[in-house]
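For reference, the chains in residue letters:
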Amino acid sequence: MATPAIKVEGLGKRYRLTHGQPRDSFRTLRDSIMGFAKSPFRKKSTTEEFWALDGVSFEVQPGEVVGIIGRNGAGKSTLLKILSRITKPTRGHVEINGRVGSLLEVGTGFHPELTGRENVYLNGSILGMSRREISAKFDEIVAFAEVEKFLDTPVKRYSSGMYVRLAFAVAAHLEPEILIVDEVLAVGDAGFQQKCLHKMKDVSRSGRTILFVSHQLPAIQNLCSRCVYLRTGRVASDAPTAQVLIDYHREIASQEGTDVDLSHHPGRTSGSIPTMRRVKVTNVTDGTDSIPMGGSIRIETEFGSSRPLSDLTFGLVVKDHTQSPLFGINNIVIPTPRLDCPVTSGAIGCVLANLPLMPGQYAIDLYFGSHGHNFDIIHNAADIVVVAADVFKSGKLPPSGAGSFWWPASWELRT
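Note that the coordinates shown come from a computational prediction; the quantities given were computed from them, not determined experimentally.

Undergrad: Mind laying out the overall build of the protein, listing which residues take part and the relevant values?
TA: Along the backbone of the protein there are eight helices and 18 strands. Counting over 415 residues, the protein shows a buried share of 46%. A separation of at least 24 residues holds for 72% of the contacts in the protein among residues at least 6 apart in sequence. Accessible surface, the protein as shown: approximately 22100 Å² in total, 51% of it carbon and sulfur.

The structure is reproduced here in structure tokens:
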């Protein structure tokens, strides 16, 4: 059997949390004297242990692409910092066979006072590459990062997007045997994220190992053959990606549905008149915020206006993880009941029945107006989470990577 690229056994990481009086880093003599005088009346601080990781074990084989998922605080970033030798574990051990390239946080591995050019060579040296090897890849790195004009500028003056583009280009092109990528890619725009995912697919085809942490579950689904689901510092599931995502969606599905306050939503376009107040997305069957393949979902939007409204216009567009529109609907092509008189507040609901969407997370854009004209537009107002279901009654799912839709069909065989 091949030697694992990564072997994790019984990994644990403990932190001590202090509650009560904060500890001063710098104290003058006067501070010390006053502190001593007040000490009988001061509330004593207490400490508690917090295990960010507790008994985590798994193996990653050479050339395998493994996703790490979990809710915030599950221990994902702590795990990657240990694997990247940034943090030491409290117990357990890790075996890594191969040169590791990591992209964990904006700025990790870069010196802010050095230029982009100098940091490329610095990172290559950290990875154990010679100057000649780095130079051979240099033009390719710069072209991918699209920072040619700023190459000789100190990176402390880079925007977060420029920083990430260059950091990813270095990590992916300097050919480490193991590439570790955290959610930092979310800093880039949608086009750059797609570019990075395509590059990671190329890296995986070359036989190198990838460990990928992301909250973008469609990206995990498209890139990773296997997934490790962390819950409160422990491995909740370790299996093929499709099965783990089913477990994850079932775990996080709430009984209250997705309820989003739209009052100050960042996706509202400039020039909009804020009229949509709230949107709630629920499974028609059980009221949760996720639906099985082929299920039906209700989208209800509350609105309010300082002036009376009549002849309401409402529309929505469902988009995939690349922000590409999949389909849209409005109450012009499928009319709603007309109002008997103008109103200043209310709610308008739309049921999307028998959705033929593949498992994954989808975004909804909302449009609201009157007399056929939209005056309040919000992009990415809410999400739809679709989980796998046996829609064909065969015990099998449609192949992943085949698109955003599944479709009922029948076969005929002639001989």
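Undergrad: Hey, could you go over the pattern of salt bridges for me, with residue numbers and the actual values?
TA: Pairing of side chains with opposite charge becomes possible as their charged atoms draw close. A complete count under the given rule lists 15 salt bridges for this structure. Linking Arg14 and Glu49 is a salt bridge whose minimum nitrogen-to-oxygen distance equals 3.6 Å. Pair noted here: Arg14 is in strand β1 (residues 6–19) and Glu49 is in strand β2 (residues 46–60), with a separation of 35 residues, a long-range link. The exposure class of Glu49 is partly exposed, given its relative accessible area of 41%. Asp376 is the salt-bridge partner of Arg268, the closest N and O atoms lying 2.8 Å from each other. Here Arg268 is found in the loop between β10 (258–261) and β11 (276–283), whereas its partner Asp376 is found in strand β18 (residues 373–387), with 108 residues between them in sequence. The class for Asp376 is buried, based on a relative accessible area of 0%.

Undergrad: Report on the sheet that holds strand β7 (residues 209–213), specifying residues and quantitative values.
TA: Strand pairing in a sheet relies on backbone hydrogen bonds. The paired strands run either parallel or antiparallel. Sheet architecture is open: six strands sit in the order β5-β6-β7-β3-β8-β9, paired in mixed fashion. Both edges of this open sheet fall to β5 (100–103) and β9 (234–240), since each of them pairs with a single strand only. Sheet twist, expressed as the mean angle between neighbouring strand axes with direction ignored, is 15°. As paired strands, strand β8 (residues 226–231) and β9 are joined by six bridges and run antiparallel to one another. Each residue of the ladder has a partner; that of Cys227, found in β9, is Ala239. Most of the contacts of helix α2 (residues 76–83) go to β7, to which it runs at about 150°, and overall it touches β3 (65–69), β6 (178–181), β7 and β8.

Undergrad: Give a detailed account of unusual backbone geometry, specifying residues and quantitative values.
TA: With a phi angle near 50°, Asp311 is a residue other than glycine that sits in the positive phi range. As for its placement among the helices and strands, Asp311 is situated in the loop between β13 (297–309) and β14 (312–319). Owing to a relative accessible area of 30%, Asp311 belongs among the partly exposed residues under this scheme. Even without being a glycine, Asn354 presents a positive backbone phi close to 50°. Summarising the element assignment, Asn354 is placed in the loop between β16 (343–352) and β17 (360–370).

Undergrad: I'd like to hear about a nonpolar patch on the surface, residue by residue, with values.
TA: Together, Tyr15, Leu17 and Phe50 make up a nonpolar patch on the protein surface, roughly 240 Å² of accessible area in all. When you line up the elements, Phe50 lands in strand β2.

Undergrad: An account of the environment of Glu49 is requested, with residue identities and associated values reported.
TA: The sequence separation of Glu49 and Leu17 amounts to 32 residues, and the corresponding C-alpha distance is 6.2 Å. Among all residues touching Glu49, those that are not within four sequence positions of it are Arg14, Tyr15 and Arg16.

Undergrad: Break down the packing of helix α3 (residues 116–126) against helix α4 (residues 131–145) for me, citing the residues and quoting the values.
TA: When two helices pack together, their arrangement is given by the angle between the helix axes and the distance between those axes. Following both chains from N to C, one finds α3 and α4 inclined at 130°, their axes separated by 10 Å at the closest point. In terms of orientation, α3 lies oblique with respect to α4. In the crossing of α3 with α4, the sense of the turn from one axis to the other is right-handed. Counted together, Arg117, Val120, Tyr121, Gly124 and Ser125 of α3 and Arg131, Ile134, Ser135, Phe138 and Ile141 of α4 form the full contact between these two elements. Across the contact of α3 with α4, the residue classes break down as five nonpolar, three polar and two charged.

Undergrad: Would you mind going over the pairing of β3 in detail, with residue names and values included?
TA: On a regular strand, one side chain projects to one face of the sheet and the next to the other, so that they alternate. Across the five residues of β3, five count as buried, placing the element largely inside the fold. Neither face of β3 is exposed, since Val65, Gly67 and Ile69 on one face and Val66 and Ile68 on the opposite face are all buried. As paired elements, β3 and β8 share four bridges and run parallel to each other. Residue pairing for β8: Gly67 is matched across the bridge by Cys227.

Undergrad: Quick one: what's the story with the environment of Asp390, residue by residue and with numbers?
TA: With respect to the helices and strands, the residue Asp390 is situated in the segment after β18. For Asp390, a relative accessible area of 36% translates into the label partly exposed. Taking the C-alpha atoms as reference points, Asp390 and Pro292, separated by 98 residues in sequence, lie 9.0 Å from one another. Excluding its chain neighbours within four sequence positions, the residues that come into contact with Asp390 are Gly395 and Lys396. A polar side-chain atom of Asp390 sits 3.1 Å from the main-chain amide nitrogen of Lys393.

Undergrad: Give a description of the side chain of Asn283 that names residues and reports values.
TA: Note that Asn283 resides in strand β11. A distance of 2.8 Å separates a polar atom in the side chain of Asn283 from the backbone nitrogen of Thr285.

Undergrad: Describe in detail the sheet that holds β11, supporting the description with residues and values.
TA: Spatially, β10-β11-β13-β16 is the arrangement adopted by the four strands of the open sheet, whose pairing is antiparallel. Every other strand in the sheet has two partners, leaving β10 and β16 as the edge strands with one partner each. Between one strand axis and the next, the sheet turns by 15° as a mean value, whatever way the strands run. Bridging between β13 and β16 involves nine bridges; their strand directions are antiparallel. Paired with Thr301 across the strands is Ile348, a residue of β16.

The rules behind each value
Residues numbered from 1 in each chain as written. Predicted model: local features only at pLDDT ≥ 70, side-chain atom pairs only at ≥ 80, totals over all residues. Heavy atoms only, no water. Helix = DSSP H or I, 4+ residues; strand = E, 2+ residues; numbered from the N terminus. Buried < 20%, exposed > 50% of the residue type's maximum accessible area, 1.4 Å probe, protein only. Contact = heavy atoms within 4.5 Å. Areas by Shrake-Rupley, 256 points an atom, 1.4 Å probe, with all protein chains shown as cover. Salt bridge = Lys/Arg side-chain N within 4 Å of Asp/Glu carboxyl O. Pairing = 2+ DSSP bridges. Axes fitted to C-alpha atoms, helices over the stretch in contact; angles between N-to-C directions. Patch = residues over 30% accessible without salt bridge, like charges linked within 9 Å, V, L, I, M, F, W, Y side chains within 5 Å. Parallel < 35°, antiparallel > 145°, perpendicular 65-115°, else oblique. Left-handed = near helix turned anticlockwise from the far one by under 90°. Nonpolar A, V, L, I, M, F, W, Y, C, P; charged D, E, K, R; others polar. Polar contact = N/O pair within 3.5 Å; in protein donor to acceptor, adjacent residues only side chain to side chain.

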